[in-house]
Protein chains: 2
Amino acid sequence: MKKKQTSPNISKNFMDHNHDLCFESALKDFKQHFIEKELKLTPLRLKVFQLLLKDHRPLGAYQILDLLRKDGFSSTPPIAYRVLDFLIEHGFVHKIKKLNAFVACSHPGNSHSPTFMICRKCEKVAEINEKESGLKFNKETSSEFKIEEAIIELIGICKNCTKIEVI
Amino acid sequence: MKKKQTSPNISKNFMDHNHDLCFESALKDFKQHFIEKELKLTPLRLKVFQLLLKDHRPLGAYQILDLLRKDGFSSTPPIAYRVLDFLIEHGFVHKIKKLNAFVACSHPGNSHSPTFMICRKCEKVAEINEKESGLKFNKETSSEFKIEEAIIELIGICKNCTKIEVI
DNA sequence: TTAGTAATGTTATAATATAACATTGACTTA
DNA sequence: TAAGTCAATGTTATATTATAACATTACTAA
Ligand SMILES: [Zn+2]
Ligand SMILES: [Zn+2]
Ligand SMILES: [Zn+2]
Ligand SMILES: [Zn+2]
């Protein structure tokens, strides 16, 4: 008998988890997509993506520039914005409008319309897909308006921070 | 027998409509809320709201400043941002993150979590409420994350621009 | 009155983002 | 191999969006 599939843990980013594994797995995926899509994986692109994988917290462009500087990269604004544009265009990174900041995508490779949960306490972010969010627009809306892009950002308190709050 | 209620026309802002009526009605509502909430309706606050009511297109803070200047108001950045903050705080105005711009609220007075449809062609915006959008989050998401605020902005093509496109 | 306060005015600067052009280095191909 | 091409990165300057800090005004309340 097939084991019952548990629902995916959408809160993983907020909770303790083996982040080394998490990091390495995302990085492997990232590299694989570069190969499959025949994109050029430069040191700068790799570095910026690694920075964004650090701890599920978004980074602003100027934070990224500071970190690049420390690693000996050039660090004028266009450097960061160009690499971010590239990574966004190819689906590796998203911008969080609420924060004017950037996160590594959790489902890279496929074009998709992400929903974000943003914890205002720990400042971590988790990306969830349409199935996980259960988010649906009704028929009338679709007939009234042809949706091409949806920005959905949920701001609140994550499971972990709720747990801590209660005590 | 009561006449059957037709569904609210969520596309009104995008279509031809009696905008003088639309404008005056919104303005009357606005003034009424100031009275009910005992807020001070200053010339500046009134002017900024009127500017935002002009044509269902969002205005940037610096556009608003230009328009204020033409009307003899002071027009340094804090003037606009302070009035906008006030109007947002009291539910008369929303900020569209996608555009870094501001729109008059369509359901002023009540605290609510608006969804915006943004037409990338005519650049008009319509605000829809939860019922109209049919937008719902599933139970699991709620238990995993306590949502306090939701930013939802749908970018696409409105009914009117679709009609024009087809020809 | 005068002291308090909300609103507006003013100056300066912070934070975010892009335009325009120069240089580098890898790859092509004559 | 030398010249040409092009994507990536480097550099300088500037645009756009937003806030901090303090001054003035004008109404209100002892
Ligand atoms: Zn992780
Ligand atoms: Zn949290
Ligand atoms: Zn109207
Ligand atoms: Zn349109």
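Preceding block: the structure.
Residues numbered from 1 in each chain as written. Chains lettered and ligands numbered in written order. Predicted model: local features only at pLDDT ≥ 70, side-chain atom pairs only at ≥ 80, totals over all residues. Heavy atoms only, no water.

Student: In this structure, what is going on with the protein's contact with DNA strand D? I would like to understand it.
Tutor: The local shell around DNA strand D holds 15 residues, among which A:Thr42, A:Thr76, A:Arg82, B:Tyr62 and B:Lys95 are the closest. When atoms of DNA strand D within 4 Å of the protein are sorted by moiety, sugar and phosphate together comprise 47%. Interatomic distance of 2.6 Å between a side-chain N/O atom of A:Arg82 and a base nitrogen of DNA strand D. One nitrogen or oxygen atom from the side chain of B:Lys95 is found 2.2 Å from a phosphate oxygen belonging to DNA strand D. (Near = heavy atom within 4 Å. Polar contact = N/O pair within 3.5 Å; in protein donor to acceptor, adjacent residues only side chain to side chain.)

Student: I tried to follow the protein's contact with DNA strand C on my own but got confused; where do I start?
Tutor: Surrounding DNA strand C, one finds 16 residues, the nearest of these being A:Tyr62, A:Lys95, B:Thr42, B:Thr76 and B:Arg82. Close to the protein, within 4 Å, the atoms of DNA strand C are drawn from sugar and phosphate at a rate of 49%. Here A:Lys95 contributes a side-chain N or O atom positioned 2.2 Å from a phosphate oxygen of DNA strand C. Note that a phosphate oxygen of DNA strand C is positioned 2.5 Å from one of the side-chain N or O atoms of B:Thr42. When contributions to the surface near DNA strand C are tallied by element, the ones reaching two or more residues are α4 (77-89) of chain A together with α2 (43-52) and α4 (77-89) of chain B. Top contributing element to the surface near DNA strand C by residue count: α4(A), with four residues. Among the residues making up the surface near DNA strand C, the classes are represented as seven nonpolar, four polar and five charged. (Helix = DSSP H or I, 4+ residues; strand = E, 2+ residues; numbered from the N terminus. Nonpolar A, V, L, I, M, F, W, Y, C, P; charged D, E, K, R; others polar.)

Student: Got a minute to help me understand the packing of helix α1 (residues 19-36) of chain B against α2(B) in this structure?
Tutor: A pair of packed helices is captured by two measures, namely the crossing angle of their axes and the spacing between those axes. Residue and element names in this part refer to chain B. Two elements in contact, α1 and α2, have axes separated by 11 Å at closest approach and are oriented at 150 degrees. The angle between α1 and α2 places the two elements in the roughly antiparallel class. As α1 packs across α2, the resulting crossing turns out to be right-handed. Residue-level contacts link Phe23, Ala26, Leu27, Phe30, Lys31 and Phe34 of α1 to Arg45, Leu46, Phe49 and Gln50 of α2. Residue composition of the contact of α1 with α2, grouped by class: seven nonpolar, one polar and two charged. (Axes fitted to C-alpha atoms, helices over the stretch in contact; angles between N-to-C directions. Parallel < 35°, antiparallel > 145°, perpendicular 65-115°, else oblique. Left-handed = near helix turned anticlockwise from the far one by under 90°. Contact = heavy atoms within 4.5 Å.)

Student: How should I be thinking about the sheet that holds strand β5 (residues 145-158) of chain B in this particular structure?
Tutor: Note on sheets: strands pair through backbone hydrogen bonds, and any given pair is parallel or antiparallel. One open sheet holds the six strands; their spatial order is β4(A)-β3(A)-β5(A)-β5(B)-β3(B)-β4(B), and the pairing between them is mixed. Bordering the open sheet on either side are β4 (125-128) of chain A together with β4 (125-128) of chain B, each of which pairs with just one other strand. With strand direction ignored, the average angle separating the axes of adjacent strands in the sheet is 20 degrees. Direction of pairing for strand β3 (residues 115-119) of chain B relative to β4(B): antiparallel, over a ladder of four bridges. The partner of B:Ile118 across the bridge, within β4(B), is B:Val125. (Pairing = 2+ DSSP bridges.)

None of the figures reported here should be taken as evidence of function without further support.
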